[in-house]
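Structural overview for review
Given next are the chains, with one letter for each unit.
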Amino acid sequence: MKITGCGNGKPRKFDERKVQDSSNIDKVAIYSTFCDVDVSVSNSSKIEAHFYGQAEVDGDVNFDAQVVNRELRITLKLTGNCFNGNLKLNIIVPKKTLKVISVTSSSADITLNEGVSTDYLKINTKSGDLETNATVKNVFASTTSGDVELCIDATQDVNVEVHTTSGDVSAEFNNIGHINLFTSSKSGNIRNRHKVSKGYTADVNISTTSGDIRIR
């Protein structure tokens, strides 16, 4: 997400990394108040958080990573305003299934790339889009003023719950034979083009106040 505006902050460049061995970590929690989040995988056994980019900032930027009860908590907060910038927070995880990946953000987009694997994906964002190609078992996503795009290649039965205000929801289910679907939209169209076939089962609950819902 490109940050624009008329600010009085000082132009600053950022390039910071936090690296943690994943042997004692089975949960990752990400908190980002102003910076896009991108989660991908690598062959490394470590988890890396890379914060970088340039922006005009008139406050302090706090970037931290701590392990608490086998959960890696990555926090990126700004105590002030940010203008005219393009900032990124890239998270690289190993090729293993994590118990939980959670992302809480505002004014930021969230992307989870193919290869990322978790039993439970939890997303809460304001003024930002969500796109995920991760392998998941359970998904809970809540967004305000943001679109949601899910592409799930199922390896087992899945549960999906999405609630959004002023945003479209697009969900594609691969390897899913039957969908137990509940949808609700106060102002928008609902289209379900998924064809019943052999495969796993998905329990899906999607609601939006103002937006279209598309299922494939």
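Up top you'll find the structure we're talking about.
The sections below set out a description of the structure shown in this document. (Residues numbered from 1 in each chain as written. Predicted model: local features only at pLDDT ≥ 70, side-chain atom pairs only at ≥ 80, totals over all residues. Heavy atoms only, no water.)

**Remarks on a negative patch on the surface**
Quick reminder of the rule: Like-charged residues within 9 Å of one another, or nonpolar side chains (Val, Leu, Ile, Met, Phe, Trp, Tyr) within 5 Å, are grouped into patches, provided each residue has over 30% relative accessible area and no salt bridge. The Shrake-Rupley method, run with a 1.4 Å probe, gives the accessible areas here. Residue values count only the displayed protein chains as cover. By definition here, a salt bridge exists when the distance from a side-chain nitrogen of Lys or Arg to a carboxyl oxygen of Asp or Glu is within 4 Å. A residue counts as positive if it is Lys or Arg and as negative if it is Asp or Glu; His and the chain ends are not included. The atoms used to mark charge sites are NZ of Lys, CZ of Arg, CG of Asp and CD of Glu. Comment: elements are numbered from the N terminus, with helices defined as DSSP H or I runs of at least four residues and strands as E runs of at least two.
A grouping of Asp129, Glu131, Asp147 and Glu149 is seen on the molecular surface, where their side chains present a negatively charged patch. Assignment of secondary structure puts Asp129 in the loop between strand S11 (117-126) and strand S12 (130-132).

**Quick look at the pairing of strand S3 (residues 27-32)**
Basically, it comes down to this: Here, any two strands with at least 2 DSSP bridges between them count as paired.
Direction of pairing for S3 relative to strand S7 (residues 71-79): parallel, over a ladder of six bridges. Residue pairing for S7: Ile30 is matched across the bridge by Ile74. Here S3 runs beside strand S9 (residues 97-106); their pairing, made up of six bridges, is parallel. Bridge assignment links Lys27 to a residue of S9, and that residue is Val100.

**A look at the side chain of Asp212**
Applied cut-off: Polar contact is the term for a pair of N or O atoms within 3.5 Å; when the atoms are in protein, one must be able to donate a hydrogen and the other to accept it, and sequence-neighboring residues count only if both atoms are side-chain atoms. Contacts were defined at the residue level, with two residues in contact if any of their heavy atoms lie within 4.5 Å.
Structurally, the position occupied by Asp212 is in the loop between strand S19 (200-210) and strand S20 (213-215). Only 2.8 Å separates the side chain of Asp212 from the backbone nitrogen of Asn189, close enough to count as a polar contact. Apart from the residues lying within four places of it in its own chain, the contact partners of Asp212 are Gly167, Asp168, Val169, Gly188 and Asn189.

**Looking at the environment of Arg70**
For Arg70, the location among the structural elements is in the loop between strand S6 (60-68) and S7. Separated by 25 residues in the primary sequence, Arg70 and Lys95 place their C-alpha atoms 17 Å from one another. Apart from the residues lying within four places of it in its own chain, the contact partners of Arg70 are Ser23, Asn24, Ile25, Asp26 and Lys27.

**Concerning the sheet that holds strand S15 (residues 158-165)**
Where we set the bar: What counts as an axis is a line fitted to C-alpha atoms, over the stretch in contact for a helix, and the angles between N-to-C directions run from 0 to 180 degrees.
What the nine strands build is an open sheet, ordered S6-S7-S3-S9-S11-S13-S15-S19-S17; its pairing is mixed. A strand with exactly one partner marks an edge of an open sheet, and here the two such strands are S6 and strand S17 (176-187). Each strand axis lies, on average, 5 degrees off the axis of its neighbour in the sheet, ignoring direction. The sheet contact formed by S15 and S19 spans seven bridges and is parallel. Counted as the bridge partner of His163 is Ser207 from S19.

**Re the pattern of salt bridges**
When the charged atoms of two side chains lie near each other, side chains of opposite charge can form a pair. As a reminder of what qualifies: Classification of residues uses two cut-offs on accessible area relative to the type maximum, computed with a 1.4 Å probe and protein chains only: under 20% is buried, over 50% is exposed, and between them is partly exposed.
By the definition in use, this model includes eight salt bridges. Where Asp26 meets Arg70, a salt bridge forms, and the shortest distance between an N and an O atom there is 3.0 Å. Placement of the pair is Asp26 in the loop between strand S2 (10-21) and S3 and Arg70 in the loop between S6 and S7, with a sequence separation of 44 residues. Given the relative accessible area of 14%, Asp26 is considered buried.

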